[in-house]
Amino acid sequence: MTKDNHDGTASENPSDAGTVPEIPEHILELDYVFQSIAKSRRRYLLYTLESKTEWSVTELATKLVAWETDTPEKDVSQEKIDRMFASLYHAHIPKLVDERVIEFDDETETIRPGENAEQVLVALAGAGASLDSRQESHARSEMDDGQF
């Protein structure tokens, strides 16, 4: 009996049949993947990473407020940016950091993809990300381009 291994090789050992393959520690379990994409703000952060690999939390807060309020980024109030910054900084970014989906630099207050980013982005695409197409398009747009 031939069985495909995760590394693309085949195994001829019949005793391998019916055993659960060992999953490397660096692979997130499905529950953690879904927790990472469960909230629209976290999905937004992930979508932005596909267009640019490093973002300041202030940039992200501005973009997210603009998206959620359907307001051009240049017209977003500082008060709303500050509230969104707090939400991202205290809730959403730590969750994604804990799952190693993003890395966060405290000194520069920037995020960048973590070691599990690709896995979560692939899962997001496969989970029907097209349902978020407006959010995804906005997240990937340049700052202050006025496009929604």
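Residues numbered from 1 in each chain as written. Predicted model: local features only at pLDDT ≥ 70, side-chain atom pairs only at ≥ 80, totals over all residues. Heavy atoms only, no water.

A. A look at the pattern of salt bridges. For the structure on display, the rule yields eight salt bridges. The residue Arg112 makes a salt bridge to Glu54 at a minimum N-O spacing of 2.9 Å. In this pair, Arg112 is assigned in strand E5 (residues 110-113) and Glu54 in the loop between helix H2 (40-51) and strand E3 (55-56), connecting sequence segments 58 residues apart. Given the relative accessible area of 36%, Glu54 is considered partly exposed. Arg100 is the salt-bridge partner of Glu115, the closest N and O atoms lying 3.3 Å from each other. Pair noted here: Glu115 is in the loop between E5 and helix H5 (117-126) and Arg100 is in the loop between helix H4 (78-98) and strand E4 (102-105), with a separation of 15 residues, a long-range link. Here Glu115 falls in the exposed class, since its relative accessible area comes to 53%. Judged by its relative accessible area of 36%, Arg100 falls in the partly exposed class. (Salt bridge = Lys/Arg side-chain N within 4 Å of Asp/Glu carboxyl O. Helix = DSSP H or I, 4+ residues; strand = E, 2+ residues; numbered from the N terminus. Buried < 20%, exposed > 50% of the residue type's maximum accessible area, 1.4 Å probe, protein only.)

B. Structural view of the packing of H2 against H4. At a minimum axis distance of 10 Å, the contact between H2 and H4 shows a crossing angle of 80°. In terms of orientation, H2 and H4 fall into the roughly perpendicular class. Residues Arg41, Arg42 and Leu45 of H2 form the contact with H4, whose own contacting residues are Met84, Ser87, Leu88, His92, Ile93, Lys95 and Leu96. Of the residues belonging to the contact of H2 with H4, the class tally is five nonpolar, two polar and three charged. (Axes fitted to C-alpha atoms, helices over the stretch in contact; angles between N-to-C directions. Parallel < 35°, antiparallel > 145°, perpendicular 65-115°, else oblique. Contact = heavy atoms within 4.5 Å. Nonpolar A, V, L, I, M, F, W, Y, C, P; charged D, E, K, R; others polar.)

C. Structural context of the sheet that holds E5. The three strands are arranged E3-E5-E4 in an open sheet whose pairing can be described as antiparallel. The outermost strands of the open sheet, each flanked by one partner alone, are E3 and E4. Strand direction decides the pairing type here: E4 and E5, joined by four bridges, are antiparallel. From the neighbouring strand, Ile102 faces E5, where its bridge partner is Pro113. Strands E4 and E5 of the sheet are contacted by H4, whose axis makes an angle of about 125° with E4. (Pairing = 2+ DSSP bridges.)

D. View of the nonpolar core. Leu46, Leu88, Ile93, Ile102 and Ile111 are the most contacted members of the largest nonpolar core, which has 29 residues in total. Residue assignment for this core shows that the elements contributing at least two residues are helix H1 (30-37), H2, helix H3 (57-69), H4 and H5. At seven residues, the largest contribution of residues to this core is made by H3. Ile102 has contacts with Leu49, Ile93, Leu96, Val97, Ile111, Arg112, Pro113 and Gly114, leaving out every residue within four places of it along the chain. (Core = buried A, V, L, I, M, F, W, Y, C linked by side-chain atoms within 4.5 Å.)

E. Examining H4 more closely. In a regular helix each residue adds 1.5 Å, so 21 residues correspond to 30 Å; H4 covers 28 Å between its end C-alpha atoms and thus fits that length. The largest bend along H4 reaches roughly 40° and is located at Leu88. Among the residues making up H4, those that are buried are Ile81, Met84, Phe85, Ser87, Leu88, His92, Ile93 and Leu96. Buried residues along H4 sit against H1, H2, H3, E4 and E5. Once H4 ends, the next one or two residues include Arg100, with phi positive near 60°. (Expected span 1.5 Å × (residues − 1). Bend = angle between axes of the 7 residues up to and from the residue.)

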